[in-house]
Amino acid sequence: MDVGVLVFGLATLLTLVCFMPPLAGRLKLPYSVLLAIVGCLLGIVLHLHGWAPPGLGGMLDSLEKFEISSETFLTVFLPVLLFETALSMNVRRLMDDIGPILMMAIVAVFLSTIVVGFALSSLSSYSLAACLLLGAIVATTDPAAVVGIFREVGAPKRLTTLVEGESLFNDAASIALYSVLVGVLAGHGEMSLGNVMTSFVISFVGGGLAGYAMGRLACMLFVVLRGFRTAEITLTLTLAYLTFYISDHYLHVSGVVATVIAGLVVGSTGRTRMAPTTFEHLTSAWGQFGFWANSLIFLFAAMLIPRLMADARPSDIALLIVLFVATLVARAVAVFGLLPLLRLTGLATRVSRAYQTVMLWGGLRGAVSLALALAVTEREDVPYEARQFIAVATTGFVLITLFLNGISLRPLIRMLKLNELSRREATIRDQALTVALGDLQEKTDEVATAEHIGPEVRERIHGVFDQSLTRLRDSEVRHMSIEERVDVGLAILARREEEMFFDVLKAQLVDWRMAEALLARSERLEDAVRAGGLAGFENAIAADVRYSRSFRAALRLHYLFGFQRWLANELGLRFAALMSKRSVAQRLILFANQQIRPLLGEEATQRIVAAHQRRLEAIENALQALNLQYPSYALWLQESYLGRVARELERMRYRDMLDQSLISGEVYADLVAQLEQRWEHIDRHPPLDIELGAAELIKRVPLFENLSPDSLRAISRLLKPRLALPDQPVLGKDRAGEEMCFVASGAVAVHLPDQTTFELGSGEFFGELALLGEQELMPDVTSLGYSKLLMMSARDFRALLARDAELRERIEKVARQRLRAIEVWRQFSATAPS
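Residues numbered from 1 in each chain as written. Predicted model: local features only at pLDDT ≥ 70, side-chain atom pairs only at ≥ 80, totals over all residues. Heavy atoms only, no water.

Under an unreviewed UniProt entry, the protein chain has the name Sodium:proton exchanger and belongs to Bordetella flabilis. Per UniProt, the protein chain has the following entry under Subcellular location (unreviewed entry): "Cell membrane". (UniProt positions renumbered as here; feature names shortened; annotations may be inferred.)

Colleague: When you look at the overall build of the protein chain in this model, what are you seeing that I'm missing?
Modeller: Across its full length, the protein chain holds 32 helices and 8 strands. Classification of the 834 residues of the protein chain by burial places 51% in the buried group. Expressed as a percentage of contacts within the protein chain between residues at least 6 apart in sequence, the contacts between residues at least 24 apart total 80%. (Helix = DSSP H or I, 4+ residues; strand = E, 2+ residues; numbered from the N terminus. Buried < 20%, exposed > 50% of the residue type's maximum accessible area, 1.4 Å probe, protein only. Contact = heavy atoms within 4.5 Å.)

Colleague: Sorry if this is basic, but what is going on with the packing of helix H12 (residues 229-250) against helix H14 (residues 278-308) here?
Modeller: For the pair H12 and H14, the least separation of the axes is 10 Å and the interaxial angle reads 45°. With respect to their mutual orientation, H12 and H14 come out oblique. The handedness of the crossing between H12 and H14 comes out as right-handed. Where H12 approaches H14, its residues Arg229, Glu232, Ile233, Thr236, Leu237 and Ala240 are matched on the opposing element by Thr278, His281, Leu282, Ala285, Trp286 and Phe289. Considered class by class, the residues forming the contact of H12 with H14 number 7 nonpolar, 3 polar and 2 charged. (Axes fitted to C-alpha atoms, helices over the stretch in contact; angles between N-to-C directions. Parallel < 35°, antiparallel > 145°, perpendicular 65-115°, else oblique. Left-handed = near helix turned anticlockwise from the far one by under 90°. Nonpolar A, V, L, I, M, F, W, Y, C, P; charged D, E, K, R; others polar.)

Colleague: It is not clear to me how the sheet that holds strand S6 (residues 765-766) should be interpreted in this structure. Could you clarify?
Modeller: Strand pairing in a sheet relies on backbone hydrogen bonds, with the paired strands running either antiparallel or parallel. What the 4 strands build is an open sheet, ordered S1-S8-S3-S6; its pairing is antiparallel. Each edge of the sheet is formed by a strand with only one pairing partner; in this case those strands are strand S1 (720-724) and S6. As judged from the 5 bridges shared by S1 and strand S8 (residues 787-793), these two strands associate in the antiparallel manner. Along S8, the bridge assignment pairs Leu723 with Lys788. (Pairing = 2+ DSSP bridges.)

Colleague: In this structure, what is going on with the nonpolar core? I would like to understand it.
Modeller: Soluble globular proteins tend to bury their nonpolar side chains together. Phe73, Leu133, Phe169, Leu323, Phe389, Ile390 and Tyr786 are the most contacted members of the largest nonpolar core, which totals 201 residues. Among all residues touching Tyr786, those that are not within four sequence positions of it are Tyr547, Leu571, Arg574, Ala625, Leu626, Gln629, Tyr630, Leu723, Ala724, Leu725 and Pro726. Core analysis: the next-biggest nonpolar cluster, separate from the first, contains 21 residues, Val701, Met740, Ala744 and Ile811 among them. (Core = buried A, V, L, I, M, F, W, Y, C linked by side-chain atoms within 4.5 Å.)

Colleague: In this structure, what is going on with a nonpolar patch on the surface? I would like to understand it.
Modeller: A cluster of nonpolar side chains, Leu193, Met197, Val201, Val205 and Leu209, forms an exposed patch at the surface whose accessible area comes to about 480 Å². Topologically, Val201 is positioned in helix H11 (residues 193-225). (Patch = residues over 30% accessible without salt bridge, like charges linked within 9 Å, V, L, I, M, F, W, Y side chains within 5 Å. Areas by Shrake-Rupley, 256 points an atom, 1.4 Å probe, with all protein chains shown as cover. Salt bridge = Lys/Arg side-chain N within 4 Å of Asp/Glu carboxyl O.)

Colleague: For this particular structure, what's the right way to read the pattern of salt bridges?
Modeller: Where side chains of opposite charge bring their charged atoms close, a pairing between them can arise. Counted according to the given criterion, the structure contains 17 salt bridges. Across the pair Arg607 and Glu483 runs a salt bridge whose closest N-O atoms are separated by 3.7 Å. Of the two residues, Arg607 is situated in helix H25 (residues 602-629) and Glu483 in helix H21 (residues 482-506); the sequence distance between them amounts to 124 residues. The class for Arg607 is partly exposed, based on a relative accessible area of 35%. Residue Arg678 pairs with Glu650 through a salt bridge whose shortest N-O separation is 2.4 Å. Here Arg678, found in helix H27 (residues 665-678), pairs with Glu650, found in helix H26 (residues 631-659); they are 28 residues apart in sequence, far enough to count as distant. Among the charged side chains, a network of salt bridges with common partners joins Glu497, Asp544, Lys581 and Arg615.

Colleague: Looking at this structure, how should I read unusual backbone geometry?
Modeller: Within the chain, His252 stands out as a residue other than glycine whose phi angle is a positive 55°. With respect to the helices and strands, His252 occurs in the loop between H12 and helix H13 (255-273). Residue His252 is classed as exposed on the basis of its relative accessible area of 60%. Positive phi is not limited to glycine here, since Ser661 has a value of about 65°. The residue Ser661 is located in the loop between H26 and H27 in this model.

Colleague: Just checking my understanding: could you explain the packing of helix H3 (residues 31-45) against H14 for this structure?
Modeller: The angle between the axes and the distance between the axes are what describe a pair of packed helices. One way to put it is that H3 packs onto H14 with a least axis distance of 7 Å and a crossing angle of 45°. Taken together, the axes of H3 and H14 are oblique relative to one another. Considering only the axes of H3 and H14, their crossing is right-handed. Mapping the contact onto sequence places Tyr31, Ser32, Leu35, Ala36, Val38, Gly39, Cys40, Leu42, Gly43 and Ile44 in H3 and Phe291, Asn294, Ser295, Phe298, Leu299, Ala302, Met303, Ile305 and Pro306 in H14.

Colleague: Looking at this model, I keep getting lost on the packing of aromatic side chains. Mind explaining?
Modeller: Two descriptors summarise a pair of aromatic rings, namely the distance from one centre to the other and the angle between the planes of the rings. The full count for this structure, using the stated rule, is 9 aromatic pairs. Arranged with centres 5.2 Å apart and planes meeting at 85°, the rings of Trp286 and Phe289 form a pair that is edge-to-face. Within this pair, Trp286 and its partner Phe289 are both found in helix H14, separated by 3 residues, close to a single helical turn. Overall, Trp286 belongs to the buried group, its relative accessible area being 1%. An aromatic cluster is present here, built from Phe83, Trp286, Phe289 and Trp292 joined pairwise through their rings. The side chain of Arg574 reaches across the aromatic face of Tyr547, ending 4.0 Å from its centre. Between Arg655 and the ring centre of Tyr668, over which it is positioned, the NZ or CZ distance is 5.6 Å. (Phe/Tyr/Trp six-rings, centres within 6.5 Å; stacked < 30°, edge-to-face > 60°. Lys NZ or Arg CZ within 6 Å of the ring centre and 35° of its normal.)

Colleague: Can you help me understand a positive patch on the surface in this one?
Modeller: Taken together, the side chains of Arg524, Arg546, Arg549 and Arg552 present a region of like positive charge at the surface. Among the secondary structure elements, Arg546 is positioned in the loop between helix H22 (512-544) and helix H23 (549-561). (Lys, Arg positive; Asp, Glu negative; His and termini not counted. Charge placed at Lys NZ, Arg CZ, Asp CG, Glu CD.)

Colleague: Even after reading the chapter, I still don't get helix H18 (residues 384-415), so can you show me in this structure?
Modeller: Every α-helical turn comprises 3.6 residues, leaving residues that sit three or four positions apart pointing alike. Over its 32 residues, H18 runs 45 Å from end to end, which matches the ideal 46 Å to within 8%, given 1.5 Å per residue. Of all the bends in H18, the greatest reaches close to 40° and is centred on Leu409; the proline Pro411 follows between one and four positions later. Backbone geometry just downstream of H18 places Lys417 in the positive-phi region, at approximately 60°. (Expected span 1.5 Å × (residues − 1). Bend = angle between axes of the 7 residues up to and from the residue.)

Okay, structure coming up:
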């Protein structure tokens, strides 16, 4: 095809598409339905445009010459549609409902294929393979066709997530089944349950692994491209196509699943790896890509409808009715039968009856089904009768779902009142509106005074505010219980916290690794509040200051093999994370006092602030323990944080000067370059030195003073430096007789049988009594802070005492004193009244 004709035709279609959204709004039609109507009309006009004037005729000629194949649909448009939908999804919300989503995406597809296949084969002369192939083709639902309706009417987010998630993954199941069955129909394979299931599992799981690997690779490359916004956005576009093509053509796994998983990885992880402002531009760019792809694929597919329906016969109407009823029955069994069973297994949360009804009726079909039917018509090895039957049935079925289900879906959602806010949400909305209108009324008066506007105009404007406020008086927040208000407030603050951490990332106050961890923690906190309210928040803040899995793994390796670098790195990350959390926790308390108080009232705000104050205290305690042990590192973190704030303020100041035309773009670029050079030292992250060398630590133990250099070297080879965390058990009855410990720095608490404790500080040792045979006297010992200990095994201890008489005398002297003290305590305990 001539390139000029191709460009002319695409430009014509995109110009036509520009006017579709506002026209759909005026006609109260779903956007996808209007595209189908326009596409069908275009398909008819293309064959009857001899009457058209030269200019219009040339445009129609260019459209008629488009060579639209199934490969064009699946290779050019499908990766963009899948990636755009996956990129915009909240992965944590998706995982909350992964059970119902996979049920509808996989099990329901198989069920629909079987029901349609056996129903049509029993009522027609077509083979079972052809009918099963048709069932697989029409089993795929179109997210673009239904989600747009959900957004227009304000359907709940969870319902949108369920339908979007199903549509993303059931394309993979349908295409996997299609690939097997079309081969059977063409005589290239045998139809068996084992063959179908094996091919599907390999395709689905392999596609997921390939997509995850390529998504993670792209996230690593974002770090290299950081700061080059256009390059970062371009990489996401190439990722969608490369993931789809490589997985499908080279790895022979599902390109659909791979593209979806890659999009989910970039949407959840990529935002912290990109430059701070890139992700916002990325969302806008992919919104545009998705609009183009969705509009063009619908128009092209609809333009094919007249051609695909050219061989339709009156008898096909009865088969279409059977096809529609069979798919509806199969979907009803999955929605109303299998989803409740899935909930009984504990693998899914409850899906309400209203949601189930919308999921049943909202299974619209679209361009993917038409593309698969077109692919069948292009295969010469498939019998002509089967090709004609599949093309006509698929096209008719898609039209029925678009015009019947699509047009009636909006009234159905409204009838079920799914577009309405809950009582709690409506009350909060009204209270927020009351607060906002009151503030706006005051600001309007200030503007009127400053602009010398007369009292008559002021009264009219006041009347607008007063009328709205009067309607809101009966829906004040006092109708909610205190517990409900506290839960709402905690949820608001949880969402606000995630926004604050993302602002911290955009301001470059932390690096992407830290931001990734902080954002993940804030999302888990929001999930806990959403699920458990105040109790969930309390549990979440306790987990928030716990050590991460990677930290515990690093500590475990340190104890087993003495590795220090990983543990030091984890300590540094914990230090920086606690400082960021403290800053955000303080600002959240201020936000609650200023914004939540007028919204939810005094008592609820006090409870919310008290809960966050407890969280702040837990963070402060955890941070204080690190500050005491590593004061120099704490000072560097404070310097780094303040320097990053200063750098961002300076950058914002230059940006304001540029926006106000005080400086030119060249001057701005030079100032920013100087800024980066001036503050580059704050990005050089010094490692946290945990100082765990045995040769240095034994110098802090008075017991080893005045020993010869040879003795010190021998002892240092026997001692194993270890870091003990606050409240971590060090030695106890379960390890009596295995080791003894020297406290090089820090302190430990010894817990005696009478529930009393005493402390051992730097230079002290413990565990020697058990090694000397008094194992029943071994109390539990815990670290009071980040303590640096020197551990010695029982075998090395005995060898050392046998070799060094002076050291043996020193240890035995302390042991005799402790044994005497224990004996006195026993005598006192025996004679003291109970």
